[in-house]
Amino acid sequence: MTDHRIDSARLQAVIEGILLADDCTPDEASTVADHLVMASLSGHDSHGVIRTPRYHIWLGDGTINAKRPLTTIMDSGPLLQLDGGDGMGQWLAREATVMGIAKAREHGIGLVALRRAGHIGRIGAYAEQACKAGFASIHFCNVNGSLLVAPFGTARRCAGTNPIAVGIPYPGGEDFILDLATSLVAEGKALVAGTGGKPLPEGALIDADGHHTADPFALYGNSLGTPNPDPREGTGALRAMGDHKGSGLALACELLAGALTGNGANGPGEKPFGNGLLSIILDPATFDDTNGFAREVADYLAFVRDSPPAAGVEQVLAPGDKERALRIDRRTNGLPMPEPVLANILAVAKELGVPADRNTLVMG
Ligand code: NAD
């Protein structure tokens, strides 16, 4: 249920203040606050400002850490291997993408293996960053220490929600930004359903006996109904998207972004939390001997967008269109936010002595 519309710019200042009070550098605080607000503006509320109280807790217990540098393990031609030291994920991934873009500018391709990044949030942000600089990119991500997803053919949790993103620059800025979790639904959506919000589609989850279900109990078990439902408490799992095909992509993320980067792939037993990210960044100009890339992208996406909508579909969209439209609406009309989410953020601000006035945050 949506209770409020929140002024995103004012909320961003509050979140930045919270992160600064939690000992982040000014650059980390502004990067992470900007990322969280942008995720919420884009409609990915599960990876947006709702995360602020969780980051405050994680900064306190060492799950993520302020002021950790991005360390270069290997730098060879177009290749980079980087270690984030369990630091502020969005800041680390943004810096890693800057370095990857520089490699692609020099070599036509940059390949960046980033390990031990704290939560890096919305992976599409890094595809957008590359597109803004004129580069195409592919990103595989794993979530070590977050076993939530059962691959095709089992009810056992073997993977994280492992997102993949692809960015293709489009002349004029309406870039192709494919950004998806490889689970059928994000964990945040199960949480919303489990706390009385929009129900999950049937079969989004699997119970311990292998039956498909929409009941969040499979994920949260008896912690459902407590103030902080814990997805480690259930005996079931989120299901991987796309049957055997999507499930294979979830596993590819564990192997490319987990095993190959050195972040570590999920497995039995407890593991420390950390995102691994394998990014391939390409300079279209290097391959564009016919000078036709931009025209092909524009023509092809117009071909797709101009297709007649199927029954029940209002408009055919390309990946990234929905997020762009939502940003325009939410910047103008505010971020939809249930009261408990706002109350939680304000409580953290109060605890840290960060000025935050509910009356100026709530619009209208
Ligand atoms: P989603 O299902 O909302 O969207 C997936 C993709 O489909 C997007 O590219 C979107 O533009 C496109 N899309 C949506 N509606 C469309 C339509 N009608 N027509 C054409 N294309 C359409 O995304 P999701 O799978 O719920 O992912 C949520 C977010 O969570 C992503 O930003 C992802 O990066 C993030 N995530 C992060 C982590 C992490 O550990 N950091 C883990 C999992 C997910």
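Residues numbered from 1 in each chain as written. Predicted model: local features only at pLDDT ≥ 70, side-chain atom pairs only at ≥ 80, totals over all residues. Heavy atoms only, no water.

Student: Quick question: what am I supposed to make of the sheet that holds strand E12 (residues 274-282) here?
Tutor: Sheet strands pair by backbone hydrogen bonding; their relative direction is either parallel or antiparallel. The strand order across the open sheet formed by seven strands is E2-E3-E4-E12-E5-E7-E8, and the pairing between neighbours is mixed. The strands lining the two open edges of the sheet, one partner per strand, are strand E2 (71-76) and strand E8 (176-181). Neighbour-to-neighbour, the strand axes of this sheet turn through a mean angle of 10°, independent of strand direction. With six bridges joining them, strand E7 (residues 163-168) and E8 adopt antiparallel strand pairing. What sits directly across from Gly 167, in E8, is Ile 177. Against the sheet, helix H5 (residues 124-132) engages strand E5 (136-144), E7 and E8, with an angle of about 15° to E7. (Pairing = 2+ DSSP bridges. Helix = DSSP H or I, 4+ residues; strand = E, 2+ residues; numbered from the N terminus. Axes fitted to C-alpha atoms, helices over the stretch in contact; angles between N-to-C directions. Contact = heavy atoms within 4.5 Å.)

Student: How should the domain arrangement of the protein be read in this particular structure?
Tutor: Note: interface size is frequently given as the accessible area lost on complex formation between the parts. Taken domain by domain, the protein holds domain 1 (4-64 + 334-361), domain 2 (72-183 + 243-330) and domain 3 (196-239). Averaged C-alpha coordinates put domain 1 and domain 2 at centres separated by 24 Å. In this complex, domain 1 contributes 27 residues to the contact, which on the side of domain 2 involves 19 residues. Approximately 2,100 Å² of surface area, both sides summed, lies buried where domain 1 meets domain 2, with 59% of it carried by carbon and sulfur atoms. (Domains from an automatic or database assignment. Buried area = accessible area lost by both parts, 1.4 Å probe.)

Student: How should I be thinking about the packing of aromatic side chains in this particular structure?
Tutor: Each aromatic ring pair is summarised here by two numbers: the centre-to-centre distance and the angle between the ring planes. Per the counting criterion, the structure on display carries three aromatic pairs. An angle of 55° between the planes, with centres 6.1 Å apart, marks the rings of Tyr 300 and Phe 303 as tilted. Residue Tyr 300 and its partner Phe 303 are located together in helix H10 (residues 293-305), separated by three residues, close to a single helical turn. An identical accessibility class is assigned to Tyr 300 and Phe 303; each is exposed. Above the plane of the ring of Tyr 170 lies Arg 305, whose end atom (NZ or CZ) is 5.3 Å from the centre. (Phe/Tyr/Trp six-rings, centres within 6.5 Å; stacked < 30°, edge-to-face > 60°. Buried < 20%, exposed > 50% of the residue type's maximum accessible area, 1.4 Å probe, protein only. Lys NZ or Arg CZ within 6 Å of the ring centre and 35° of its normal.)

Student: Please explain the pattern of salt bridges as it appears in this structure.
Tutor: Opposite charge on two side chains allows them to pair when their charged atoms are near. Summed over the entire model, instances satisfying the criterion amount to 17 salt bridges. With a closest N to O distance of 3.9 Å, Asp 7 and Arg 10 form a salt bridge. Given a relative accessible area of 44%, Arg 10 falls into the partly exposed group. Put simply, Arg 232 and Asp 230 hold a salt bridge, and the shortest N to O gap is 3.1 Å. It is possible to trace a salt-bridge network through shared partners that takes in Asp 83, Asp 86, Arg 115 and Arg 116. (Salt bridge = Lys/Arg side-chain N within 4 Å of Asp/Glu carboxyl O.)

Student: What am I meant to see in helix H2 (residues 26-41) here?
Tutor: For the α-helix, the turn length of 3.6 residues means that residues three or four positions removed from each other point alike. Between its terminal C-alpha atoms H2 stretches 22 Å, which fits the 22 Å expected from 16 residues at 1.5 Å a residue. Buried residues dominate H2, accounting for twelve of its 16 residues. Among all positions of H2, only Glu 28, Ala 29, Thr 31, Val 32, Ala 33, His 35, Leu 36, Val 37, Met 38, Ala 39, Ser 40 and Leu 41 are buried. Remark: Gly 43 follows H2 within two positions and exhibits a positive phi of approximately 95°. (Expected span 1.5 Å × (residues − 1).)

Student: Would you take a moment to explain the packing of H2 against helix H4 (residues 89-107) for this structure?
Tutor: Between two packed helices, both the angle of their axes relative to each other and the distance between the axes serve to describe the pair. Between H2 and H4, the shortest axis-to-axis distance is 8 Å and the interhelical angle comes to 95°. Taken as axis vectors, H2 and H4 run roughly perpendicular relative to one another. Between H2 and H4, the contacting residues are Asp 27, Glu 28, Thr 31, Val 32, His 35 and Leu 36 on the first element and Gln 90, Trp 91 and Arg 94 on the second. Of the residues assigned to the contact of H2 with H4, the class counts are three nonpolar, three polar and three charged. (Parallel < 35°, antiparallel > 145°, perpendicular 65-115°, else oblique. Nonpolar A, V, L, I, M, F, W, Y, C, P; charged D, E, K, R; others polar.)

Student: Please explain the site of the ligand as it appears in this structure.
Tutor: Within the structure, the ligand sits among 21 residues, and Gly 121, Asp 179, Ala 181, Gly 320 and Glu 323 are positioned closest to it. Contact between the ligand and Gly 121: a nitrogen atom at 2.9 Å from a main-chain N or O atom of the residue. Between the ligand and the protein, one listed contact pairs an oxygen atom with a backbone N or O atom of Ile 177 at 3.1 Å. Within the complex, 80% of the 870 Å² of free accessible area of the ligand lies under protein. Residue assignment for the shell around the ligand shows that the elements contributing at least two residues are E8 and helix H11 (321-333). For the shell around the ligand, the leading source of residues is E8, giving five residues. In the shell around the ligand, the residues fall into nine nonpolar, seven polar and five charged. (Near = heavy atom within 4 Å. Polar contact = N/O pair within 3.5 Å; in protein donor to acceptor, adjacent residues only side chain to side chain. Areas by Shrake-Rupley, 256 points an atom, 1.4 Å probe, with all protein chains shown as cover.)

Student: Hey, could you run me through the side chain of His 119 in this one?
Tutor: Positionally, His 119 belongs in the loop between strand E4 (109-117) and H5. A distance of 2.6 Å separates the side chain of His 119 from the side chain of Tyr 55, its partner in a polar contact. Discounting chain neighbours no more than four positions away, the residues touching His 119 are His 47, Arg 51, Tyr 55, Trp 58, Ile 64, Gly 89, Gln 90, Phe 273 and Asn 275.

Student: Got a minute to help me understand the side chain of Ser 137 in this structure?
Tutor: Along the chain, Ser 137 falls in strand E5. By relative accessible area, Ser 137 is classed as buried at 1%. Apart from residues no more than four positions distant in its own chain, Ser 137 is found in contact with Tyr 126, Ala 127, Ala 130, Ala 165, Val 166, Gly 167, Ile 280 and Ile 281.

Student: Which parts of the structure should I look at to understand the pairing of E12?
Tutor: Remark: a regular strand shows side chains that alternate across the two faces of the sheet. Of all nine residues in E12, eight are buried, a share of seventy percent or more. One ladder, built from seven bridges, connects E4 with E12; its direction is antiparallel. Following the sheet pairing, Ile 109 is matched in E12 by Leu 282.

Student: What's the story with unusual backbone geometry in this structure? I'm lost.
Tutor: The phi dihedral of Asp 23 is positive, around 85°, even though this residue is not glycine. Positionally, Asp 23 belongs in the loop between helix H1 (8-21) and H2. You can call Asp 23 partly exposed: its relative accessible area is 47%. One non-glycine residue, Arg 116, lies in the positive phi region at around 50°.

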